[in-house]
Amino acid sequence: MNPTSQPKAPIDGAALLDELEAFHRRFNVFPTESAYVAVALWDAHAHLIDCFETTPRIAFLSPEPGSGKSRALEIVELLTPRPVSTVSASANALYRLVDSAEGLPTVLFDEVDTIFGPKAGADEALRGFLNAGYRRIGGALRCVGEGSNQNAQVFGSYCAVAMAGLGSLPDTVLTRSVIIRMRKRAPNEKVEPYRQRIHEKQGHALRDRIAKWADTVRDQVANAWPELPEGVTDRPADVWEPLLAVADAGGGTWPARARAACLELVDAAHANDEASLGVRLLTDLRDKVFCGADRMPTAVILEVLLRMDDAPWGDLDDKPLNSRTLAKLLGQYVTPGNKPIKPRGIRTASGTPKGYYAEDLTDAWTRYCPPPPEEPATSATPQVSGGESVADTTPPIRHTPPEIDTALFPVAG
C-alpha cells in the first residue's frame, strides 16, 4: 500500500488543549487552576465561534496595575484567529470589522475600564457593541449611503472579545463574561520573560494547529448540547456552554476539568457580585427592619437603615437616604397584585403616618433577595412591648430598644 494513501491519524484535541494551557503558564500567573482551564478553552472556542449561539467574553480584571492583564491579552492574541488588539476604537469601525469578508475577528480590548468610567459617556455605542455581540443575533441598525439616498442596514457584532481592565465592569458585561481576577505576582511566582520576536512564532504555530483540529470537530461541536453542572443555569449556562462543548470535543481529562472550573468560577463570580441598590434595600428591609413585622412607618425605616454602619444608606450621592429616594427605589418593584410598591397610611395610637406593608413587599423579597439567614437576625427595628396595637387583630411586638419611642409595629402571627 502506498504510504501516502493511509488515513491520517486523528488530531489529539486533549493534547492540544494541554499545550494551550502550558503556553499560558509560561508567561501568565493566573489566580487559580480553574483560570488556566477557562482561558485555554476560551482560546480554542474562538476558532469554533461559528458553531455557537453565544460567545462568552473573557475579562482579565485587577484592582491595581501591573497584575499581568495586558500580558494575558498578548498571549491570547497569539493563539486566536484574526486578532485585533486595541485600546481605542469606534463602534462603527468595529461593526464594519465584524462584517468584513475576512472572517470574524477576535477583538482584544486593553484598558477597557476607560470605556465604562464616569467620563465615558461618548462611548455608549461601544458599550452597545460589546453587549450585543455576545449573542449571534446581536447587531446594530444603521443608515448607509449618501445624501438622501440612505438605506437601513444591519451590521453584525457577534465576535469573540477578550478584555483587560482595572476595577470592575458593568453587570451587563460581567454576566456575559468568564471573569479572571488577576493579582500582582508574589515574590515566589516566576514566569518566563516574554520576547515577541521569539515567542510570537511559537504561539502562531500552536494557533495554526488548533485551527486544524477545530476544523475536524466543527460538526461535532456545532451539534453538541453539553451537560452543564448542576445549578448552572440561565446566563452562566450561556457563558459556559461553548467552553464545555470544546472540552468535550477535546476529551481526555478536559470534560471533567472544564466542569470543575465552571462551578468554581461561576461560584466566585456570584460571591463577588454586589447586589443592586434596590436588591440591597429589599434585603435590608426584610432582614434588618421588618424582621417579621407586618408594617413599618417610613420614619422608622429610615432611622434603622441610617444606623447601619456597613450599609450605603447614609451616603447616596453625598446625601443620606430620605423618604423620597426610598419611595423611588421601592417603586421599581411591584406588589403581589402587580402594582408599584408605594407608601400607605398606617393607623397608630398617635396618628396615621405613611409607611410600608410587608404584604406589599413579599413578592419582591421572594423574587430578588437571597435566601434569608438560617438564624433570624436580631431586629434593629424600634418596637415596643405593650400598648395599643396598630391593628386591633394583630398581637403586640415582643421586644423593643428602649431608647426609641414609636408607635406599635406588630409582628405577623
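Residues numbered from 1 in each chain as written. Predicted model: local features only at pLDDT ≥ 70, side-chain atom pairs only at ≥ 80, totals over all residues. Heavy atoms only, no water.

Draft legend 1. Representation of the overall build of the chain within the structure. Along the chain, the regular secondary structure elements total 14 helices and ten strands. Residue burial in the chain is summarised as follows: out of 413 residues, 46% are buried. Counting every atom, the chain has about 21,500 Å² of accessible surface; 51% of that belongs to carbon and sulfur. (Helix = DSSP H or I, 4+ residues; strand = E, 2+ residues; numbered from the N terminus. Buried < 20%, exposed > 50% of the residue type's maximum accessible area, 1.4 Å probe, protein only. Areas by Shrake-Rupley, 256 points an atom, 1.4 Å probe, with all protein chains shown as cover.)

Draft legend 2. Up close: the pairing of strand β6 (residues 160-166). Among the seven residues of β6, six are classified as buried, and the element is accordingly described as predominantly covered. As paired strands, strand β1 (residues 57-62) and β6 are joined by five bridges and run parallel to one another. When the bridges of β6 are listed, I58 appears paired with A162. As judged from the four bridges shared by strand β3 (residues 106-109) and β6, these two strands associate in the parallel manner. Its bridge partner being in β6, F109 is matched across the sheet by M163. (Pairing = 2+ DSSP bridges.)

Draft legend 3. Structural detail: helix α9 (residues 234-250). End to end, α9 covers 25 Å across 17 residues, agreeing with the expected 24 Å (1.5 Å per residue, within 8%). A maximum bend of about 35° is found in α9 at W240, where proline P242 lies one to four positions downstream. By the burial criterion, the buried members of α9 are A237, V239, W240, P242, L243, L244, A245, V246, A247, A249 and G250. Backbone geometry just after α9 places G251 at a positive phi near 75°. (Expected span 1.5 Å × (residues − 1). Bend = angle between axes of the 7 residues up to and from the residue.)

Draft legend 4. Seen up close, the nonpolar core. F30, L41, F60, V178, I180 and W240 are the most contacted members of the largest nonpolar core, which has 62 residues in total. Every residue in contact with L41, bar those within four places of it in the chain, is listed here: L17, L243, V246, A247, W254 and A258. Ranked by size, the runner-up nonpolar core spans 29 residues in total, among them L281, L285, Y356 and A364. (Core = buried A, V, L, I, M, F, W, Y, C linked by side-chain atoms within 4.5 Å. Contact = heavy atoms within 4.5 Å.)

Draft legend 5. View of the environment of A327. Structurally, the position occupied by A327 is in helix α13 (residues 323-330). The spatial distance from the C-alpha of A327 to the C-alpha of K342 is 6.5 Å, given a sequence separation of 15 residues.

Draft legend 6. Up close: the packing of aromatic side chains. Evaluation of the coordinates by the stated rule reveals six aromatic pairs. A ring pair is formed by F23 and F27, whose centres lie 5.3 Å apart and whose planes are at 65°; its orientation type is edge-to-face. Here F27 and F23 lie together in helix α1 (residues 13-27), a separation of four residues that amounts to about one turn. For the residue pair F23 and F27, the accessibility class agrees, reading buried in each case. Judged by centre distance (5.6 Å) and plane angle (75°), the rings of F290 and W365 are edge-to-face. Placement of F290 in helix α11 (residues 277-290) and of W365 in helix α14 (residues 358-368) is noted, with a sequence separation of 75 residues between them. Accessibility classification places F290 together with W365 in one group, the buried group. (Phe/Tyr/Trp six-rings, centres within 6.5 Å; stacked < 30°, edge-to-face > 60°.)

Draft legend 7. Quick peek at the side chain of T54. Inspection of the secondary structure puts T54 in the loop between α2 (33-45) and β1. Overall, the relative accessible area of 5% leaves T54 in the buried class. Among the polar contacts made by the side chain of T54, one reaches the main-chain carbonyl oxygen of D238 at a distance of 2.9 Å. Aside from chain neighbours lying at most four places away, what touches T54 is Y134, R135, Y158, D238 and P242. (Polar contact = N/O pair within 3.5 Å; in protein donor to acceptor, adjacent residues only side chain to side chain.)

Draft legend 8. Expanded view of the side chain of S177. Mapped onto the elements, S177 comes out in strand β7 (residues 177-181). There is a polar contact of 2.7 Å between the side chain of S177 and the backbone oxygen of V173. With residues up to four places along the chain from it excluded, the contact list for S177 reads R57, A59, M163 and V239.

Draft legend 9. Region of interest: the sheet that holds strand β2 (residues 83-86). Across the sheet, five strands lie side by side as β2-β3-β6-β1-β7; this open sheet has parallel pairing. Here the strands that pair on one side only, and so sit at the sheet edges, are β2 and β7. Averaged over all pairs of adjacent strands, the angle between their axes in this sheet comes to 15°, without regard to strand direction. Across five bridges, β1 lies against β7 in parallel orientation. When the sheet's bridge partners are listed, I58 is paired in β7 with V178. Sitting on the sheet, helix α3 (residues 69-79) is in contact with β1, β2, β3 and β6, with an inclination near 165° to β6. (Axes fitted to C-alpha atoms, helices over the stretch in contact; angles between N-to-C directions.)

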